[in-house]
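Architecture at a glance
One letter stands for each residue in the lines below.
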Amino acid sequence: SGGSNSSQGRSIATAQPAQEERLVVAVRVRPSMEATERCIEVISGGSLLYDDGGKSRPRQYSYDHVFRENDSQEQVYKTTTAPLVRDVLNGLNAAVFAYGATGSGKTHTMLGPVPRKKPQTSDRAPPTASCDSTDVSSQDIGLMVRAIEDIFSHIESAEAYSCRVSISYLEIYNELIRDLLNPGGPLELREDHRGQRITVAGLSEITTSSRKEVVSLLLKGNKARTMEPTAANQTSSRSHALLSIMVQARTPLGTKQGRLFLTDLAGSERAKKTKNRGKRLQEGAHINRSLLALGNVINGLSGGARYVNYRDSKLTRLLKEALSGRCKTVMIAHVAPESKHRDETKNTLVYADRANSITTKLQNSVYIDEFKDFPTKHYQSLVSELRDEV
Ligand code: ADP
Ligand code: MG
C-alpha cells in the first residue's frame, strides 16, 4: 500500500545514524588600535591568557581555535568555514556566528572592512563615491564572500550533478525582520504544523549561477543594514544580519539540500555601557533580549537541559535549527585586546567557554525528498519495478 511505501522510503533516506557533533568555538583577537596596556595574550592556536588588571593571576582559557591579531581572513576562513562548505554541498546544514561586543571585529570577519560613513556635514554634500565595499582588497574579503566563491568553485569543478544556489539575507532590528535583498516592511516568521521548520514569509530567495551577481547582491544588502551611531562606535550596526546560502544538488538518489547560515550578530555589550537613551535604549533592550535568549539557549544546551526554550526571540527562533541539531555550528567570538575593553572581553570569553560544551546531533546527508510527500518519483519507479517482478 501507499502507506508502507512511504515509511520504507523514509528509512532508506535516513539510513545513516545521527552522530554527535560539538559546537566548534573559535576566539579571534582583533589588532590593538592603540599602544596601551593589554588584557589578552594568545599563547597557542587554542589558548589564551586573560588578565583582569592584577586583581588575580592571569587566567587561561582554551577553545578549538584561537586566532591572533595578525592571522589573515583566509586563515580564519579555512579553519572555520571551509570545512562546513564541503558539508553543505553534501546536503548538511551548517552555521557560523560572529559574536562579540561592538568594535571587536565581527563585521570585519564576516564581510571585511566596511568604509566608515562620514558624518553628514551638509545636506547638500555630494554623495561619496568612495563608500563602496567593492574597494576592499581581496585579502581583506570576509567569510560571507569567501564562502560563496568557494561554493561556486566546488560546483564548477564537479560536473557530475546539477546544482542550484540561492541566497537570502535578512536583518533583525528591534525584533523586526527586514529583507536586506529587497528592503521593505517587516516580515513575519512562519512555523510548520509541528513547529519544526521556521521560515520567513515573503523573504526573497535569489537563485543565481553567477558568483559576481551574488557578491554584488551581498554588498548591496549590507548597505541596507540599519546603521545607528552609539557612544561605543560611530558605525556600529545595532542589528543582527543573517545570510543564508542554500545549495540544492540533484543526485541519482534525489535532491540533496544543504544550507549555510552566516550570522553577524549585533554587539553583545550591555545597554548601560553605551550610554543609550530613548530610541537607542530601546534598541539596546531588544539586542539584549535576543542575545540573552541566545545565551539562555546555549546555557541550556551546554548543561544538557531536557527542554530548551527557543521562543523568546526572533533570533533564537530562526537559529533553532542551527543550534538544536542537523547542523554543524561554529561560533567565532571576537575580543578586543586593549585593557579598557577588559570587562566585555571577559564576558565574551566566558560566553564562548560555555558554548564550547554544546553538542548537537547531526544526521548525515538528508535528501529533501524526505520533506515532501512520499512516495517520490524515485521510489514510485522502484515500487513499479518490484511489482513487475512479482
Ligand atoms: P564589530 O562589527 O564587531 O562592531 P568591526 O568589524 O566593525 O567590529 O571592527 C571594528 C574596527 O576594527 C574596524 O575598523 C575594523 O576594520 C577593525 N578590525 C577588526 N578586526 C580586524 C582585523 N582582524 N584586522 C584588521 N582590522 C580589524
Ligand atoms: Mg559590525
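Use the structure listed above.
Below, the structure is looked at part by part. Predicted model, so just to flag it, every value in this text is computed and none were measured. (Residues numbered from 1 in each chain as written. Chains lettered and ligands numbered in written order. Predicted model: local features only at pLDDT ≥ 70, side-chain atom pairs only at ≥ 80, totals over all residues. Heavy atoms only, no water.)

**Here we look at helix H4 (residues 143–157)**
Helix length check: H4, at 15 residues, gives a terminal C-alpha distance of 21 Å against a target of 21 Å (1.5 Å per residue), a fit within 8%. Looking at H4, one finds that the buried residues are Leu-143, Met-144, Val-145, Arg-146, Ala-147, Ile-148, Asp-150, Ile-151, Phe-152 and Ile-155. (Helix = DSSP H or I, 4+ residues; strand = E, 2+ residues; numbered from the N terminus. Expected span 1.5 Å × (residues − 1). Buried < 20%, exposed > 50% of the residue type's maximum accessible area, 1.4 Å probe, protein only.)

**Some points on the site of ligand 1**
Neighbouring ligand 1 are 13 residues, the closest being Met-33, Gly-103, Lys-106, Thr-107 and His-108. For ligand 1, an oxygen atom lies 2.7 Å from a polar atom in the side chain of Lys-106. Surface burial for ligand 1 is 76%, taken as the share of its 560 Å² of free accessible area covered by protein chains. The leading source of residues in the shell around ligand 1 is helix H3 (residues 106–110), at three residues. For the shell around ligand 1, the per-class residue count stands at three nonpolar, six polar and four charged. (Near = heavy atom within 4 Å. Polar contact = N/O pair within 3.5 Å; in protein donor to acceptor, adjacent residues only side chain to side chain. Areas by Shrake-Rupley, 256 points an atom, 1.4 Å probe, with all protein chains shown as cover. Nonpolar A, V, L, I, M, F, W, Y, C, P; charged D, E, K, R; others polar.)

**Side note on the nonpolar core**
Core analysis: the largest hydrophobic core is formed by 42 residues, its most contacted members being Tyr-63, Leu-323 and Leu-349. Counting residues per element, this core draws most heavily on helix H6 (residues 278–302), at five residues. Judged by nonpolar contacts, the second largest core, of 40 residues, contains Ala-94, Val-165, Leu-260 and Ile-332. (Core = buried A, V, L, I, M, F, W, Y, C linked by side-chain atoms within 4.5 Å.)

**Some remarks on the pattern of salt bridges**
One pass over the structure, following the stated rule, counts 12 salt bridges. For Glu-171, the salt bridge identified is with Arg-178, shortest N-O distance 2.3 Å. For Glu-171, a relative accessible area of 0% translates into the label buried. Arg-311 is paired through a salt bridge with Glu-191; the nearest N and O atoms lie 3.0 Å apart. (Salt bridge = Lys/Arg side-chain N within 4 Å of Asp/Glu carboxyl O.)

**Looking at the packing of helix H2 (residues 73–89) against H4**
Each packed pair of helices is defined by two parameters, the angle between the axes and the distance between the axes. Contact geometry for H2 and H4: axes closest at 10 Å, N-to-C directions at 45 degrees. Here H2 lies oblique to H4, going by the angle between them. Taken as a pair, H2 and H4 cross one another with a handedness that is right-handed. Residue-level inspection shows Gln-73, Glu-74, Val-76, Tyr-77, Thr-80, Thr-81, Ala-82, Val-85, Arg-86 and Leu-89 of H2 in contact with H4, the latter providing Leu-143, Arg-146, Ala-147, Asp-150, Ile-151, His-154 and Ile-155. Taken together, the residues that form the contact of H2 with H4 break down as nine nonpolar, four polar and four charged. (Axes fitted to C-alpha atoms, helices over the stretch in contact; angles between N-to-C directions. Parallel < 35°, antiparallel > 145°, perpendicular 65-115°, else oblique. Left-handed = near helix turned anticlockwise from the far one by under 90°. Contact = heavy atoms within 4.5 Å.)

**A word on the sheet that holds strand E4 (residues 47–50)**
Taken in spatial order, the three strands of this open sheet run E3-E4-E5, and their pairing is antiparallel. This sheet does not close on itself; its edge strands, each paired only once, are strand E3 (40–44) and strand E5 (59–62). The average angle at which neighbouring strand axes cross in this sheet is 30 degrees, direction not considered. The sheet contact formed by E4 and E5 spans four bridges and is antiparallel. Bridge pairing in E5 places Leu-48 opposite Tyr-61. (Pairing = 2+ DSSP bridges.)

**So, the packing of aromatic side chains**
Going through the model one piece at a time under the given rule, you end up with two aromatic pairs. Where Tyr-61 meets Tyr-63, the ring centres are 6.4 Å apart and the plane angle is 10 degrees; that geometry is what we call stacked. By relative accessible area, which is 2% here, Tyr-61 ends up buried. Given the relative accessible area of 6%, Tyr-63 is considered buried. An angle of 10 degrees between the planes, with centres 4.0 Å apart, marks the rings of Tyr-99 and Tyr-351 as stacked. Taken as a pair, Tyr-99 in strand E7 (residues 93–100) and Tyr-351 in helix H8 (residues 342–355) lie far apart in primary sequence, 252 residues in all. In this structure Tyr-99 comes out as buried when scored by relative accessible area, which is 6%. (Phe/Tyr/Trp six-rings, centres within 6.5 Å; stacked < 30°, edge-to-face > 60°.)

**Structural notes on helix H5 (residues 211–223)**
Taking 1.5 Å per residue as the helical rise, H5 with its 13 residues ought to reach 18 Å, and the 19 Å between its terminal C-alpha atoms agrees with that figure. Within the span of H5, buried status applies to Val-214, Val-215, Leu-217, Leu-218, Leu-219, Gly-221 and Asn-222. Contact partners of the buried residues in H5: H4, strand E8 (162–173), strand E12 (206–208) and strand E13 (240–251).

**Some details on the packing of H4 against H5**
Their axes nearest at 10 Å, the elements H4 and H5 cross at an angle of 165 degrees. Classified by the angle their axes make, H4 and H5 are roughly antiparallel. Read as a crossing pair, H4 and H5 show a hand that is right-handed. Contacts from Met-144, Val-145, Ile-148, Glu-149, Phe-152, Ser-153 and Glu-156 in H4 reach Arg-211, Val-214, Val-215 and Leu-218 in H5. Looking at the contact of H4 with H5 residue by residue, the classes come out as seven nonpolar, one polar and three charged.

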